[in-house]
Amino acid sequence: MDTTHELTLAAGVDKTAIGRCRDVLGALFGPPRERPFDVRFWDGTTDRGKEPAPRFTLVLNRPASLRRMLMPPSELSLVESYISGDIDIEGSMEAGAILQPLIRGRLDSAAAVANLVKLVLKLPGKADDDLADARFPEHARKLGPRHTPVRDAAAVRFHYDVGNEFYKLWLDDRMVYSCAYFHTPDDSLAAAQEAKLDLICRKLRLQPGERFLDIGSGWGGLIMYAAQHYGVDATGITLSENQAKLARERIEKSGLADRCRVEIRDYRTLATKDGYDKIASVGMIEHVGLSHLPVYFESAYRALKQGGLFLNHGIVSLEAARPKTIGGKLWDLVWRSGSFIDTYVFPDGRLTAAADVISAAELSGFEVRDVESLREHYAMTLRHWVRSLEEKSDAAKEIVGDHTYRVWRLYMSGSARAFATAAINIIQTLLSKPSEAGKSNVPLTREDIYSGVDKNLRTSRVA
């Protein structure tokens, strides 16, 4: 067979495959003129959408891309088609997160699903790559039921032990891996993270000499800031060896070792004898799970002195607070909603409603003194992280590989959209453990939190 004939046959195969892909795309998203994005096929052919300058382009890298993306129709199939490299999102990954709700909007009946499956089955190829390097390992799921200490430790280490060097690429210099606090949209990430640390310290009314605990202390950013600027004796606890090692190095280098330390410790081991004046927990409750919220708050309550304050900062689900229709429940079951996060990001993690968090806190004995939403702040924080990660993509792939890089780009971009569209929220809840006489040690107003605070937060509170 001569080369010209081979090329002609290949072109014919491509044309047929592209035609079948277009049929599937039409069933999923409607005709190109209705789509807010472009589609580019593996041969460079592009179907233009309705936007002259779309925020993203869906790229199909091979004829089997859509089969990987949709067989079986589920959240995991969709995200694994991206993680594997079968498809790409060029442009804004946050904008690309609209693909899932668009698919849900089209697959609104059994007939629509059946028609899609019929079209997908005509597509060539199958998935043959291995994503095990990026998944939570199956042997870890056999360590025990969800939220037993040994399985919790494995889940936490899976997420945080991806490598300190990886996190350094896109976090601020303090390595604060939680929602920042922006006074204006133009604030730098570093300034906004410092503002968040200071806000927590002010809400807790930290005083020199107090014993302060940070549950889930990460790389030590909060305990170091509190010790340096508020003169407290600070302890952080974490389950991640990687985090603890780097945090201890940073503490030693900063000259804070006499009043700042990190321990490998499970929150369930906290005891009355610990006797802390103030406690914070930032980004920890997401790992706890609804079933263990009572244990979590009871542990903090037990370790806190009477009259002490506990600041809990964590993500909550707005969707979890609202009743679901039978159709919605069926969709979650068939689509396997949440399987991406459980498999690749936060194993065993489940977001709960704010009401569940507050109820569990009150059940343990805490009094709720204040609740503040930082939802818009987290969308802004995540956009900073994604932009930095994308700018350093080559370095990130050198450290963690292409699969894990794609997981993190997708997870953080999708989270930014979820915060921006009010699917999830983040709240800071200030809790008091009143004394026997009912004293909460909280002022009558919030004025002390905000009065005289310069947005640059450069003035130390310790003489």
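Residues numbered from 1 in each chain as written. Predicted model: local features only at pLDDT ≥ 70, side-chain atom pairs only at ≥ 80, totals over all residues. Heavy atoms only, no water.

## Here we look at a nonpolar patch on the surface
Piece 1. Taken together, the side chains of L330, L333 and V334 define a hydrophobic patch exposed on the protein surface, amounting to about 330 Å² of accessible area.
Piece 2. Looking at the secondary structure, you find L333 in helix α14 (residues 326-335).
Piece 3. Classification of L333 by relative accessible area gives exposed; the value is 65%. (Patch = residues over 30% accessible without salt bridge, like charges linked within 9 Å, V, L, I, M, F, W, Y side chains within 5 Å. Areas by Shrake-Rupley, 256 points an atom, 1.4 Å probe, with all protein chains shown as cover. Salt bridge = Lys/Arg side-chain N within 4 Å of Asp/Glu carboxyl O. Helix = DSSP H or I, 4+ residues; strand = E, 2+ residues; numbered from the N terminus. Buried < 20%, exposed > 50% of the residue type's maximum accessible area, 1.4 Å probe, protein only.)

## Concerning unusual backbone geometry
Piece 1. Across the junction of M71 and P72, the peptide omega takes the value -5°, indicating a cis bond.
Piece 2. Tracing the backbone shows P72 in the loop between α2 (65-70) and α3 (75-83).
Piece 3. For R205, which is not a glycine, the phi torsion comes out positive at approximately 50°.
Piece 4. Checked against the element boundaries, R205 lands in the loop between α10 (189-203) and β5 (211-215).
Piece 5. Taking relative accessible area as the criterion, R205 reaches 12% and is therefore assigned buried.
Piece 6. Phi at N441 takes a positive value of approximately 60°, unusual for a residue other than glycine.
Piece 7. Relative to the elements of secondary structure, N441 occurs in the loop between β11 (424-432) and α20 (447-450).
Piece 8. For N441, a relative accessible area of 42% corresponds to the partly exposed category.

## A look at the pattern of salt bridges
Piece 1. Under the counting rule described, the total for this entry stands at 37 salt bridges.
Piece 2. We note a salt bridge from R202 to D198, for which the minimum N-O separation is 2.7 Å. Residue R202 and its partner D198 are both found in helix α10; the two are separated by 4 residues, about one turn of the helix.
Piece 3. The class for R202 is buried, based on a relative accessible area of 9%.

## A word on the packing of helix α18 (residues 393-400) against helix α19 (residues 402-420)
Piece 1. One can describe the packing of α18 onto α19 by two numbers: an axis separation of 7 Å at closest approach and a directional angle of 125°. Here α19 runs oblique to α18, going by the angle between their axes. In the crossing of α18 with α19, the sense of the turn from one axis to the other is right-handed. In contact with S393, A396, K397 and V400 of α18, α19 contributes D402, T404 and Y405.
Piece 2. Each residue belonging to the contact of α18 with α19 can be placed in one class, and the counts come to 3 nonpolar, 2 polar and 2 charged. (Axes fitted to C-alpha atoms, helices over the stretch in contact; angles between N-to-C directions. Parallel < 35°, antiparallel > 145°, perpendicular 65-115°, else oblique. Left-handed = near helix turned anticlockwise from the far one by under 90°. Contact = heavy atoms within 4.5 Å. Nonpolar A, V, L, I, M, F, W, Y, C, P; charged D, E, K, R; others polar.)

## Thoughts on the nonpolar core
Piece 1. Ranked by internal contacts, the top residues of the largest apolar core, which has 85 residues, are L60, W170, Y177 and W408.
Piece 2. Here this core gets 9 residues from one element, more than from any other, and that element is α19.
Piece 3. Apart from the residues lying within four places of it in its own chain, the contact partners of L60 are C21, L25, V39, R40, F41, W42, S65, L66, D86 and I87.
Piece 4. Judged by nonpolar contacts, the second largest core, of 28 residues, contains C201, F212, L222 and A234. (Core = buried A, V, L, I, M, F, W, Y, C linked by side-chain atoms within 4.5 Å.)

## Some words on the confidence of the model for the chain
Piece 1. Summary statistics for the chain give a mean pLDDT of 90 and a share of 94% for residues scoring 70 or more.
Piece 2. Within the model, pLDDT remains below 50 along residues 455-460, and this stretch shows 10 contacts once partners closer than five positions in the same chain are excluded. (pLDDT = per-residue confidence, 0-100.)

## Looking at the sheet that holds strand β9 (residues 304-317)
Piece 1. Pairing within the open sheet is mixed, and its 7 strands lie in the order β7-β6-β5-β8-β9-β11-β10. With partners counted over all chains shown, the strands left at the sheet margins are β7 (260-264) and β10 (367-373), one partner each. Ignoring which end each strand starts from, the neighbouring axes of this sheet average 15° apart.
Piece 2. With 5 bridges joining them, β5 and strand β6 (residues 233-238) adopt parallel strand pairing. By the bridge assignment, R211 is partnered in β6 with D233. (Pairing = 2+ DSSP bridges.)

## So, the pairing of β7
Piece 1. For β6 and β7, the ladder comprises 5 bridges, and the chain directions are parallel. By the bridge assignment for β7, T238 is matched with I264.
Piece 2. Remark: the β6/helix α12 (residues 241-253)/β7 crossover connection has right-handed handedness. (Right-handed = clockwise from strand over helix to strand, strands pointing away.)

## Topic: the packing of aromatic side chains
Piece 1. By the definition in use, this model includes 28 aromatic pairs.
Piece 2. Considering the side-chain rings of F340 and Y344, the 6.2 Å spacing of their centres and the 40° angle between planes classify their relative orientation as tilted. Taken together, the positions of F340 and Y344, both in helix α15 (residues 339-345) and 4 residues apart, correspond to about one turn of that helix. One exposure class covers both F340 and Y344, and it is buried.
Piece 3. The ring of Y276 carries the charged tip of R211 above its face, separated from the ring centre by 4.4 Å.
Piece 4. Positioned over the ring face of Y301 is K433, at 4.4 Å from the centre of the ring. (Phe/Tyr/Trp six-rings, centres within 6.5 Å; stacked < 30°, edge-to-face > 60°. Lys NZ or Arg CZ within 6 Å of the ring centre and 35° of its normal.)

## Let's talk about the side chain of R406
Piece 1. Along the chain, the position of R406 falls in helix α19.
Piece 2. Polar contacts involving the side chain of R406 include one to the main-chain carbonyl oxygen of Y82, which spans 2.8 Å.
Piece 3. Filtering out sequence-adjacent residues up to four positions away, R406 remains in contact with Y82, I83, G85, I87 and D88. (Polar contact = N/O pair within 3.5 Å; in protein donor to acceptor, adjacent residues only side chain to side chain.)

## Some points on the environment of Y177
Piece 1. Summarising the element assignment, Y177 is placed in the loop between α9 (164-170) and α10.
Piece 2. Y177 gets classed as buried once you look at its relative accessible area, which sits at 14%.
Piece 3. Separated by 203 residues in the primary sequence, Y177 and M380 have C-alpha atoms spaced 13 Å apart.
Piece 4. Once residues within four sequence positions are removed from consideration, Y177 is found in contact with H159, Y160, Y167, W170, L171, W219, F346, W385, W408 and Y411.
Piece 5. One polar contact links Y177 to Y411, side chain to side chain, over a distance of 2.9 Å.

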